[in-house]
Amino acid sequence: MTKLKLSYFDAPVSRGEECRLALHVAGLAFEDERLSRDAWNARKASAPFGALPILWVEGKGEIAQSNAILNYLGHTQGLLPKDPFEAARHDALLNAVEDLRNTLRPINRLTDAEAKKAARIDFAKGYMQEWGAQIERQIGPGPFAGGAQIGVADLKIFVAVGTFIAGGIDHIPADVFKAFPKLTALHDAVKAHPKVAEWRQKHR
Ligand SMILES: N[C@@H](CCC(=O)N[C@@H](CS)C(=O)NCC(=O)O)C(=O)O
């Protein structure tokens with residue numbers, strides 16, 4: 001069997017966790033490399049794009065960029081629709097999650113506590129509601145983005161919205177997505193998926 005290694009930080013979050021979940025849901029054995037900050041700083045300059053996650057595939061090399069990793073796993077492991085148009089719609093969802101993260105990033109980096117609080121409250125009431133409505137419109141009958149079968153877009157959305165729903169970000173209420181029943185149902189369906197539950201039980 002082709003050896004695989006997923007490198008990321010030692011935390012069950014964000015771009016690394018969604019790739020680990022995709023590997024696990026696909027039933028692939030992989031080396032789960034978890035880097036300390038020091039180990040990462042020593043390696044950063046030689047990483048393809050200076051960031052994690054990175055997937056190493058025996059006989060091929062490294063893929064960086066979380067969405068490229070998810071697309072690769074999606075196409076090779078049946079976690080994306082076979083139809084190219086539908087697969088592109090799922091890729092759009094992957095990119096929409098990156099839009100959400102990249103919009104929140106400068107807010108999280110604010111050093112003034114009051115300014116950060118105000119910006120997060122504003123983000124929750126404004127951008128997150130628009131984003132949630134856009135994702136809601138992309139989900140068909142559900143529970144997953146592609147219907148009955150789980151895919152990489154569901155895993156990425158789950159990890160991203162799960163942080164908020166778990167109340168993990170100060171000043172953003174855990175019910176921030178309450179106006180979006182399909183998005184909430186997608187999150188709950190991914191959480192209840194046996195392979196996802198198995199992974200989370202081991203790695204939380
Ligand atoms: N567009 C990239 C962003 C990667 C990224 O920002 N990774 C963060 C962790 S989620 C990272 O490596 N931070 C440490 C650093 O930039 O040195 C992707 O989707 O993979």
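Small disclaimer: the values here were computed from a predicted structure and weren't measured. (Residues numbered from 1 in each chain as written. Predicted model: local features only at pLDDT ≥ 70, side-chain atom pairs only at ≥ 80, totals over all residues.)

Asker: With reference to specific residues and values, describe the overall build of the chain.
Answerer: Within the chain one finds nine helices and four strands. Counting from the amino terminus, the chain carries its helices and strands in the arrangement β-α-β-α-β-β-α-α-α-α-α-α-α. Looking at the chain as a whole, 32% of its 204 residues are labelled buried. Sequence-distant contacts, at least 24 apart, represent 69% of the contacts inside the chain between residues at least 6 apart. (Helix = DSSP H or I, 4+ residues; strand = E, 2+ residues; numbered from the N terminus. Buried ≥ 20, exposed ≤ 12 C-beta atoms within 10 Å, placed from the backbone. Contact = placed C-beta atoms within 7 Å.)

Asker: Give a description of the domain arrangement of the chain that names residues and reports values.
Answerer: Interface size is often expressed as the accessible area that is lost when the parts come together. Looking at the assigned domains, one finds that the chain contains domain 1 (4-78 + 198-203) and domain 2 (84-193). Taking only C-alpha atoms into account, the centre of domain 1 sits 21 Å from that of domain 2. Tallying the contact residues gives 12 residues for domain 1 and 11 residues for domain 2. Residue assignment for the side of domain 1 that touches domain 2 shows that the elements contributing at least two residues are α1 (14-25) and α3 (66-77). The biggest single contributor to the side of domain 1 that touches domain 2 is α1, with six residues. Of the residues that constitute the side of domain 1 that touches domain 2, the class distribution is six nonpolar, four polar and two charged. (Domains from an automatic or database assignment. Nonpolar A, V, L, I, M, F, W, Y, C, P; charged D, E, K, R; others polar.)

Asker: Which residues make up the site of the ligand, and what values do they have?
Answerer: Looking at the ligand, the residues that line it are Ser14, Arg15, Lys44, Ala51, Leu52, Gln65, Ser66, Asn67 and Glu98. Broken down by class, the residue content of the shell around the ligand amounts to two nonpolar, four polar and three charged. (Near = placed C-beta within 6 Å.)

Asker: Mind laying out the sheet that holds strand β2 (residues 31-35), listing which residues take part and the relevant values?
Answerer: Taken together, the four strands give an open sheet; going across it, the order is β2-β1-β3-β4, and neighbouring strands pair in mixed fashion. Single-partner strands in this sheet number two, and they are β2 and β4 (61-64). Taken pair by pair, the neighbouring strands of this sheet meet at an average axis angle of 20°, ignoring direction. The pairing of strand β3 (residues 54-57) with β4 spans four bridges and is classified as antiparallel. (Pairing = 2+ DSSP bridges. Axes fitted to C-alpha atoms, helices over the stretch in contact; angles between N-to-C directions.)

Asker: Summarise helix α7 (residues 152-165); cite the residues concerned and give the values.
Answerer: For α7, spanning 14 residues, the distance from its first C-alpha to its last is 19 Å, which sits close to the expected 20 Å at 1.5 Å a residue. Where α7 is concerned, the buried positions are Val152, Ala153, Asp154, Leu155, Lys156, Ile157, Phe158, Val159, Ala160, Val161, Phe164 and Ile165. The inward-facing, buried residues of α7 contact α1, α3, α4 (84-108), α6 (127-138) and α8 (181-192). Downstream of α7 by a residue or two, Gly167 has a phi angle that is positive, lying close to 75°. (Expected span 1.5 Å × (residues − 1).)

Asker: Would you mind going over unusual backbone geometry in detail, with residue names and values included?
Answerer: A cis amide bond links Leu52 to the next residue, Pro53, at an omega of 10°. Tracing the backbone through its elements, the reader meets Pro53 in the loop between α2 (37-43) and β3. Between Gly142 and the following residue, Pro143, the backbone shows a cis peptide bond with an omega angle of 0°. Relative to the helices and strands, Pro143 resides in the loop between α6 and α7. The backbone of Gln65 shows a phi angle near 80°, a positive value even though the residue is not glycine. By secondary structure assignment, the location of Gln65 is in the loop between β4 and α3. For Gln65, a count of 16 C-beta atoms within 10 Å corresponds to the partly exposed category. In this structure, His171 takes a positive phi of about 75° despite not being glycine. Relative to the helices and strands, His171 resides in the loop between α7 and α8. Assessed through the 14 C-beta atoms surrounding it within 10 Å, His171 is described here as partly exposed.

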